[in-house]
Every structure is written in C-alpha cells, then in structure tokens.
Amino acid sequence: MPGTNLTREEARTRAALLHVEAYDVELDLSSARDGGTFRSTTVVRFTATEPGASTFIDLVAPAVSEIVLNGRALPLENFADSRIALPDLAAENELRVVADCAYTNTGEGLHRFVDPADGETYLYTQFEVADARRVFPNFEQPDLKAAFSFTVTAPAGWVVVSNSPTPEPTGDGDTRVWKFEPTPRMSTYITALVAGPYVGVFDTYQNGAQSVPLGVYCRPSLREFLDADAIFAVTKQGFDYFQDKFDFAYPFAKYDQLFVPEFNAGAMENAGAVTLRDQYVFRSKVTDASYELRAATILHELAHMWFGDLVTMEWWNDLWLNESFATFAEAVCQAEAPGSRWPHSWTTFANQMKTWAYRQDQLPSTHPIMAEINDLEDVQVNFDGITYAKGASVLKQLVAYVGQDAFFQGVRAYFKRHAWGNTRLTDLLGALEEASGRDLRTWSKAWLETAGINVLRPAIEVSADGVIESFAVLQEAPALPAGARGEAVLRPHRIAIGLYELVDGDLVRTDRIELDVDGERTEVPQLVGRRRPAVLLLNDDDLSYAKVRLDADSLAVVTEHLGDFTDSLPRALCWASAWDMTRDGELATRDYLSLALSGLRRESDIGVVQSVHRQVKLALEMYADPAWRETGLQRWAAAAEAALLDAPAGSDHQLAWARALAGSARTDGQLDLLAGLLDGSRTVEGLAVDTELRWTLLGRLVATGRADEAAIEAELARDNTSSGQEHAATCRAARPTAEAKAEAWASVVESDTLTNYVQEAVIAGFQQPDQRDLLAPYAEKYFAAVKQVWETRSHEISQQIIGGLYPAYAVSQATLDATDAWLAQADPAPALRRQVVEARAGIERALKAQAADR
Ligand SMILES: [Zn+2]
C-alpha cells in the first residue's frame, strides 16, 4: 500500500519509460464559495519508450468519473490508493481523466479560505512537495517536466492568476472562463493557481529592451497595509543583480507575487507566480528586521526562478542544493546590490541561518547535507536546518574557497548548459571545477557527505611582555549525537582571524588574516612576534561553518564589551558563540543572562536584539536551574521593563522591549503596566499600542489570569479578522485553567476541523512555560495519541501537532523515559520517529544545561 508515498525507485522507472509533452487542465471553481469538491478534467499527452508497458499517474481525489486512455475507457477501479493504473501504453498516449478534487484547509493542494472581514472566498495552490496531484492527475516527480495549459471557470469578478499571464476572461452570467497560454516546460510542483477577489498592484521591470510585467496581490482587507512600492523596489534590485550575476534573462513571461492567507511556509517559488504568507503585509508596526526578512524572502524566491525553476533537481535528494543556493543568493544580493537597504545581511545570516544550522546539526537526527531521500516521506521531514541553513553556510564556504568570481562564472555556465532541464549536484560541481580550476571532490566529500560541526579553538602562547610566541587553530571532529548518521571528520576550512583592540571604549578591528585551516592543528605564523590584541576572533567574517571558541583573555574582554564591537558581524559571531556555549552547558544560564543584559545595552542591530531576547527567554525557561529559574525570570522581566521605558521613543528597540516585557511580565506592577497600556490608562511615549501589540499584551494578561474570556471577546470585536481569530484562539488556549487546556487539546487532537493556522494558534497558546502543573497530565495523553495523529492527518497538520504538543516544558528524566518507552513500543515510521526523537533531544540538552547552571 503506497498510500500517498512515492519511492525514488518508482520515479526512476517512470522517468525512464515516459516523456511527458503537455497537460490541458480544466478546473471548474464556480462553486468555490460552497466548498466541498470541484470538477477537474485533465488531458495528458505523453510518449512511452516501451509500448505495451504499464505505469501509473498520481491523483489524490475523493472520486474519479472517467478514465480514458488512447480512446479506451478504463475501469474506474484503476484509481486506487492515490494512483491511476495505466496498462498497455502505446508509443504516443493521450489520457483523459475527470475527477472530483477537494478543497483543503491545511495549506496543501488547493487551499480554500473565507475572509471574515468580507465573507469572500480566496483560493491558492501549494504543490511542493507532491500536492499538484490533489488538483489534477499528473506524474508527480520533478524530472517529468511538461507544458501546462490551465483553463479555469470561476465566479465573475474574480481575479485568476497562474504561471502564464492572465488572459481576458470570456463568458457571461455568474461565471467566467480564463484560458491560459501553455507554460514553458516545468515541473509539476512549481505550477500554481490563485483565484478569488484578490486586488493587484502593477509595475514593470524595465532593462533596455526587456520589459517584465510585475504584479503584487493580496486580499482587499489587507490592501490598506500593502506597501507595494517597497516590494517592487526590492524585486527590481533582485532582477538587476541576478540577471547580471547569472548572465541569463529572467526566463518567464511575467512575475507576480501573491500574498495569500494561511500559508504554511514563508513563500513558494511557483514559476512567475510566487505565493507568500500574508503576514508579510504588515498590519501593525514591525521592526526593520521584519522588513529585512521579507526582502530576503522576496529575493530567495526570485533566485529560484533560475535555480530550481529553469534548472531543476532531478530528485528530492538535491533539495538542499535548491534551497541553499536560493538562501545564499538572497544574502549575497542584499549585501552587494547597489542601493540595498540591508548591506549587513551577512550579520543576519550569521545570526539566523547559522544558529539554525548549528542547532539542527547537533540533533540526533542530523544527517549529511546530501541526504538519502528514498521516498516522499523522507523529503517531507527534510525541509530542515541542514537543508536550508547548513547548506547555505557551506555554499558560502565554497564561495570563499573557489572565489566569488569563479563561483558565478561556473553558475553562468551551468544555467546555459541545463536551461529547462534537470540536474544533479555533480553538474554544478563540474561547472565550478571548470571555472575555478579547483578539485571539488575532496571538498564535497568532507562537507556534503558527512554530518556535524567542527569546533575551532585557538591555542595561544604569550610572553610576559604580551608578545605572541605561538598561535595555532585547533580543529575538533564533530561530537555526533548517539544515533546520528555519518562519520565525524576534520574538514578544510577557509577562515579569517580578526584582531580587535579597545579604542576609546570601542572594539575596533586592527587587522585580519585569511588562511586555510586543515587537520587537527594549523599554525598561524603571521601572528607570531606581534603584540597580543584585546580580542582574537576565529572565523571572523563568518566564512566557514564551525563552532568557535575564544581564548580566555579574549573571552574576558568579550564578556564585558560584547556590545562595544563597532561592526555588527563580530558582535553577532560572539553572541552566537555565547549562546552555543550556554546550550552546551559551558556557560551557566545565569552568566549568559548577565552577558546578555550587559551586551544588549549597546546592540544596535535589531534582528540580533530580537534573537537574543528569544534566546534569553528560552535559556531561562529550559536551561536554568529550576531552583533559580524564578529569580532569573524576574531579573529578565525587570530589565525588559526598564529598557522599554528607557528606549528612544518610537524606535524598533522600544517595540522589541515591549514585546519582551509582554512575554515575561510577572509582578503585579508589570502586569498593571501591560493592562494599562491595553486600556489606554498608561502610555509609553512613542509606543504605538496597535492591533498586533494589543494581542501580545492581552495574551500575557490572559495566561496569568488577569484577563478573561470577556476580554478576549472584546478584543476580537475590535479585530474581527482572520488574524484576530487566530490570536483569540491562542488567548483561549492560554487561559490558566484545566478546562481551557482540555478544550484546546480536544480541538486539536480529537477533532480535525481546525485550519492549519487556527490549529497552530491553539498549540501556541496551549504550551505555556508558566503552566507546567496544568500541562503535566498531557505528557501521557501525547504518547497515547501521537501515532494515530500521524497516521490520520495530513503531513503539515501532523507535523504541527507532533512537534508542538510534545511535553517540551516537562524537563525531567521521566519525560525521557516516557519517550523511550513509546519509541520502543510504538515502533513508529522513520519520519514520525525522527520528529519525536528531535523533541526528546531538547529535554536531554535542557537537563545537561540545568546541571551546569546549578
Ligand atoms: Zn526556497
């Protein structure tokens, strides 16, 4: 029983047998407002290398009413188990299938959403990894590309957008018909359809004779918040930068970006019709870090138009390359594009991507970047920190290793050679080898085929009068967690060493040495005979991927002066190092708190500030000695309150501290302040208590029992939008009563009616670190329910539940034991096992860190 799975072997066999020419897909969405199912009529033309052979086409649908292969009707029983069996192929084949497909509320396939603000229905598709088959039958694997012609019947007055430019609709009465031109040859997972009374704003990318129509869309209820000009500005910078670096004109006819509701990921690179989560249309004040993240997402998806859409991985084992390239491209474009608003993007990269990668790479589930992907279930749990963040970090290391000019030269050759085709990793590495003259086999083996993070430590000897007598970089093999795949190896690292001095209270870089580090010990003769600087920073500029430790003297200076680095990148690297030491139990949580409180005073990078806020909170809740935890939390909340009142009026820092206080307020005075801000009796100069901040304040008041259901209802009346409904769901689940917890639990675990976003909101409210006693009974319930959840819910929905409802705050040996007992008894499928094992690792780490803090 394959269920909805597909193995790599099946995909290989099918690719060898078939060449797919074209799909004509007719979708009747005229009853979209009622929900349920829609009629999907598809004609596929394809050839087969072996006439007489049989194959199958993928379809996930409630019902099929017609299957006609080469003019012959096939029994409807040929549709079973998410596949239609196709026997006795001819050399040239035409298949016609009529099916009733279902709208979804999980963000997979054709998602249907009703906006409470106007009662209107909004649809969009999300097909990666393999959900195009929920909308029309197809050979769902990336290397069976074809041309797609969509014809859509939908209510009159709707906007319909797909990969090809939107045609003038025809017809009269209540519905219209949109007949789209065929697409260029592309993979099924990047086809797309967005339909509903969306509103669009338009512009053009002009470059000499080239003219690309640009569109930005959202729901009408968000239109007043849509800053299309800022979105177009970043988009055009990306077009300029990528076309120049790739030496390949944008390959599609137009470029639309559609902000859609209840979107699971950040965005999706559908060819010429990118979908983005519509939280990126900011309803309330956000910090510059949010604008930067949105710009990064816009550039990431745009880079995919070439890397991913024009040239596509043959199979999902190269998903990492697809995502790493786009992630690297977003950062390098922001760092270098003329007029970029975020030239410090490598700081953000170090702060976000690197810490994500380091965290993931130390989980028991860690794996080489080149993962074994045997089937679709493997890839669905592999959209992880290795695939995106470690891959991108290693790509950055590769660029440092071969040089950026050679890198882009290789990339240009790769696009020209493989345009509209499918590739493997070796195709890119080959092009880079040709361009750089470097042998990348050793590099690839060390970096892509092994797991884990090397640690780099300085070994320094200094004379009595402060002169360096010897300096070496020591490399340690990764300590792979028990059960992790891959061997622990030393790797070649291209790194920089930064020399910093204290000048008038600032830490300023006075010199920089770049070198190759290899093996256990690499001498650095360039430093011998020089005066010891205040700080020696390994992996300065963040070229390589490694855990870095400071020598004792440098650590002492950094502990006192972290905020005094004049550049944001070394600060981010030192923050990351301190955080890593805390997670590893090398720095006590209480010392990390002290370091954070001192360093944050001068930290100007708002993205780093917000990360440190999250990390401090996490450290206090999970890594602090429970006997001291309350003291630490009080110290943190008091610091947040003071910083809020002290921050420049209207600044991003002020907003970040307001959120930090709302997340941690505990004394009556602090909670009074939150309540006062909410009801308007208190103000902080320059702080706009707008829609989103109001919900944040209310959330804390509800969780601490200071506000009740009536307050939630009143807030929802002020903000009766989909976001408001999600916030209200979070607040209700956060109430500190056994009844509220039971209600939240039942709505998620015992019922499957919640949409993906409401479910996520309920889970967020349910899990409250201050409510450990109320949550205690749910550890047992979790293990009783989790297997059935995984077996009966869609991938996205079950992933939310498995990771989200794990008893993460029950940091105890008992939780580890319960997890182990379940693992032994339930014999879960690998994808389910992986998620539970990852959650378990959080408890294990927390227990060690708590011991270190004692
Ligand atoms: Zn991507």
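A brief report on the enclosed structure follows.

Cut-offs used in this document
Residues numbered from 1 in each chain as written. Predicted model: local features only at pLDDT ≥ 70, side-chain atom pairs only at ≥ 80, totals over all residues. Heavy atoms only, no water. Helix = DSSP H or I, 4+ residues; strand = E, 2+ residues; numbered from the N terminus. Rg over C-alpha atoms; globule rule 2.2 N^0.38 Å. Buried < 20%, exposed > 50% of the residue type's maximum accessible area, 1.4 Å probe, protein only. Core = buried A, V, L, I, M, F, W, Y, C linked by side-chain atoms within 4.5 Å. Contact = heavy atoms within 4.5 Å. Pairing = 2+ DSSP bridges. Axes fitted to C-alpha atoms, helices over the stretch in contact; angles between N-to-C directions. Salt bridge = Lys/Arg side-chain N within 4 Å of Asp/Glu carboxyl O. Polar contact = N/O pair within 3.5 Å; in protein donor to acceptor, adjacent residues only side chain to side chain. Donors = N, O, S within 2.8 Å, 3.2 Å for Na, K, Ca; no water. Phe/Tyr/Trp six-rings, centres within 6.5 Å; stacked < 30°, edge-to-face > 60°. Lys NZ or Arg CZ within 6 Å of the ring centre and 35° of its normal. Expected span 1.5 Å × (residues − 1). Parallel < 35°, antiparallel > 145°, perpendicular 65-115°, else oblique. Left-handed = near helix turned anticlockwise from the far one by under 90°. Nonpolar A, V, L, I, M, F, W, Y, C, P; charged D, E, K, R; others polar. Lys, Arg positive; Asp, Glu negative; His and termini not counted.

1. Focus: the overall build of the chain
Piece 1. Across its full length, the chain carries 27 helices and 28 strands.
Piece 2. In summary, the chain has a C-alpha radius of gyration of 28 Å against a globular reference of 29 Å for 854 residues, a match within 12%.
Piece 3. For the chain, the C-alpha atoms occupy an extent of roughly 90 × 70 × 60 Å along the three principal directions.
Piece 4. Across the 854 residues that make up the chain, the buried fraction comes to 60%.

2. Considerations on the nonpolar core
Piece 1. By size, the foremost hydrophobic cluster in this structure holds 158 residues, and its most contacted members are L29, F46, L86, F139, F242, W316 and F407.
Piece 2. Dropping the residues within four chain positions of it, L29 is found in contact with F38, Y103, L110, L123, V152, T153, A154, P155, L193 and A195.
Piece 3. Formed by 108 residues, the second largest nonpolar core is a distinct cluster that contains A534, V558, A744 and V786.

3. Regarding the sheet that holds strand β25 (residues 506–517)
Piece 1. Reading across the sheet, the three strands line up as β25-β24-β27 and stay open at both edges, with antiparallel pairing between neighbours. For this open sheet the edge positions go to β25 and β27 (535–540), each flanked by a neighbour on one side alone. Here the strands of the sheet are splayed against their neighbours by 25° on average, with no regard to which way each runs.
Piece 2. As judged from the eleven bridges shared by strand β24 (residues 493–503) and β25, these two strands associate in the antiparallel manner. The residue of β25 that forms the bridge with V503 is D506.
Piece 3. Each of β24, β25 and β27 is contacted by helix α11 (residues 552–561), which is oriented at about 90° to β27, the strand it contacts most.

4. Quick look at the pattern of salt bridges
Piece 1. Under the definition given, this model contains 61 salt bridges.
Piece 2. Where R96 meets E66, a salt bridge forms, and the shortest distance between an N and an O atom there is 2.7 Å. Of this pair, R96 sits in strand β8 (residues 92–102) while E66 sits in strand β4 (residues 63–69), placing them 30 residues apart in sequence.
Piece 3. For E66, a relative accessible area of 28% puts it in the partly exposed group.
Piece 4. E621 is paired through a salt bridge with R772; the nearest N and O atoms lie 3.9 Å apart. With E621 in helix α14 (residues 606–623) and R772 in helix α23 (residues 772–775), the pair connects residues that are 151 residues apart, well separated along the chain.
Piece 5. For R772, a relative accessible area of 23% corresponds to the partly exposed category.

5. Topic: the environment of N270
Piece 1. For N270, the location among the structural elements is in the loop between β18 (267–268) and β19 (273–277).
Piece 2. On the basis of relative accessible area, N270 is assigned to the buried category, the value being 0%.
Piece 3. Once the C-alpha coordinates of N270 and Y189 are considered, the two residues, 81 residues apart in sequence, prove to be 7.7 Å apart.
Piece 4. Not counting residues up to four positions away in its chain, the partners in contact with N270 are N163, Y189, I190, T191, A192, T275, M305 and D309.

6. Things to note about the side chain of D384
Piece 1. Mapped onto the secondary structure, D384 falls in the loop between α6 (376–380) and α7 (386–402).
Piece 2. Among the polar contacts made by the side chain of D384, one reaches the main-chain amide nitrogen of I386 at a distance of 3.0 Å.
Piece 3. In this structure, D384 is in contact with W356, Q360, H367, A389 and R834, ignoring residues within four places of it in sequence.

7. Describing the coordination of the zinc ion
Piece 1. Binding of the zinc ion to the protein goes through H300 (NE2), H304 (NE2) and E323 (OE), at separations of 2.0 to 2.1 Å.
Piece 2. The motif formed by the donor residues of the zinc ion, counted along the single chain, is H-x3-H-x18-E. Linking H300 in helix α3 (residues 288–304) with E323 in helix α4 (residues 319–336), this pair joins segments that are 23 residues apart in sequence.
Piece 3. Exposure remark for H300: the relative accessible area of 7% places this residue in the buried category.

8. A closer look at the pairing of strand β22 (residues 455–462)
Piece 1. Pairing between β22 and strand β23 (residues 468–476): eight bridges, direction antiparallel. The partner of V462 across the bridge, within β23, is I468.
Piece 2. Hairpin connection, β22 to β23: the antiparallel pair is bridged by five residues, and G466 has positive phi, about 85°.
Piece 3. Note that β22 and strand β28 (residues 547–548) share two bridges and pair parallel. For L456, the partnering residue across the bridge sits in β28 and is V548.

9. Topic: the pairing of β19
Piece 1. Most of β19 is tucked away: four of the five residues are buried.
Piece 2. Pairing between strand β17 (residues 255–260) and β19: five bridges, direction parallel. Looking at β19, one finds that D256 is bridged to A273.
Piece 3. Bridge analysis of β18 against β19 gives two bridges, and the strand direction is antiparallel.

10. Regarding unusual backbone geometry
Piece 1. Omega for the peptide link from E128 to V129 comes to 15°, which places this bond in the cis form.
Piece 2. Mapped onto the secondary structure, V129 falls in the loop between β10 (121–126) and β11 (147–155).
Piece 3. The backbone of D827 shows a phi angle near 45°, a positive value even though the residue is not glycine.
Piece 4. Structurally, the position occupied by D827 is in the loop between α26 (813–826) and α27 (830–853).
Piece 5. Overall, the relative accessible area of 59% leaves D827 in the exposed class.

11. Considering the sheet that holds strand β3 (residues 55–58)
Piece 1. Spatially, β3-β7-β6 is the arrangement adopted by the three strands of the open sheet, whose pairing is antiparallel. This sheet does not close on itself; its edge strands, each paired only once, are β3 and β6 (79–80).
Piece 2. Judged from the four bridges that link them, β3 and strand β7 (residues 83–86) form a sheet pairing that is antiparallel. Bridge pairing links F56 to A85 in β7.
Piece 3. In this fold helix α1 (residues 8–17) packs onto β3 and β7, with an angle of close to 110° to the strand it touches most, β3.

12. So, the packing of aromatic side chains
Piece 1. Overall, the coordinates contain 51 aromatic pairs when judged by the stated rule.
Piece 2. The interplanar angle of 45° and the centroid separation of 5.9 Å between the aromatic rings of F246 and F325 together place this pair among those described as tilted. Placement of the pair is F246 in helix α2 (residues 228–246) and F325 in helix α4, with a sequence separation of 79 residues.
Piece 3. Note on F325: relative accessible area 1%, which makes it buried.
Piece 4. Between W745 and F766, the ring centres sit 5.8 Å apart and the planes meet at 45°, which makes this aromatic pair tilted. Within this pair, whereas W745 is found in helix α21 (residues 738–750), its partner F766 is found in helix α22 (residues 756–766), the two being separated by 21 residues in sequence. Take W745 and F766: they sit in the same class, and that class is buried.
Piece 5. Note that R341 overlies the ring of Y291, its terminal NZ or CZ placed 5.4 Å from the centroid.

13. So, α3
Piece 1. The terminal C-alpha atoms of α3, which comprises 17 residues, lie 24 Å apart, in line with the 24 Å expected from a rise of 1.5 Å per residue.
Piece 2. Among the 17 residues of α3, 14 are classified as buried, and the element is accordingly described as predominantly covered.

14. Concerning α4
Piece 1. Between its terminal C-alpha atoms α4 stretches 26 Å, which fits the 26 Å expected from 18 residues at 1.5 Å a residue.
Piece 2. Judged by how many residues are buried, α4 sits mostly within the fold: 16 of 18 residues are covered.

15. Describing the packing of α3 against α4
Piece 1. At a minimum axis separation of 8 Å, α3 and α4 run at an interaxial angle of 125°. The angle between α3 and α4 falls in the class oblique. Crossing geometry of α3 relative to α4 is assigned as right-handed. Of the residues in α4, those touching α3 at E292, A295, A296, L299, H300, A303 and H304 are N322, E323, A326, T327, A329, E330, C333 and Q334.
Piece 2. Class assignment for the residues of the contact of α3 with α4 results in seven nonpolar, five polar and three charged.

16. Observations regarding the side chain of E108
Piece 1. On the secondary structure map, E108 appears in the loop between β8 and β9 (109–114).
Piece 2. Buried and unpaired, E108 has R134 as its nearest opposite-charge partner, separated by 5.5 Å.
Piece 3. Engagement of the side chain of E108 in a polar contact is seen with the side chain of T106, the distance being 2.5 Å.
Piece 4. A distance of 3.1 Å separates a polar atom in the side chain of E108 from the backbone nitrogen of E796.
Piece 5. E108 has contacts with Q126, D131, R134, N264, S794, H795 and E796, leaving out every residue within four places of it along the chain.

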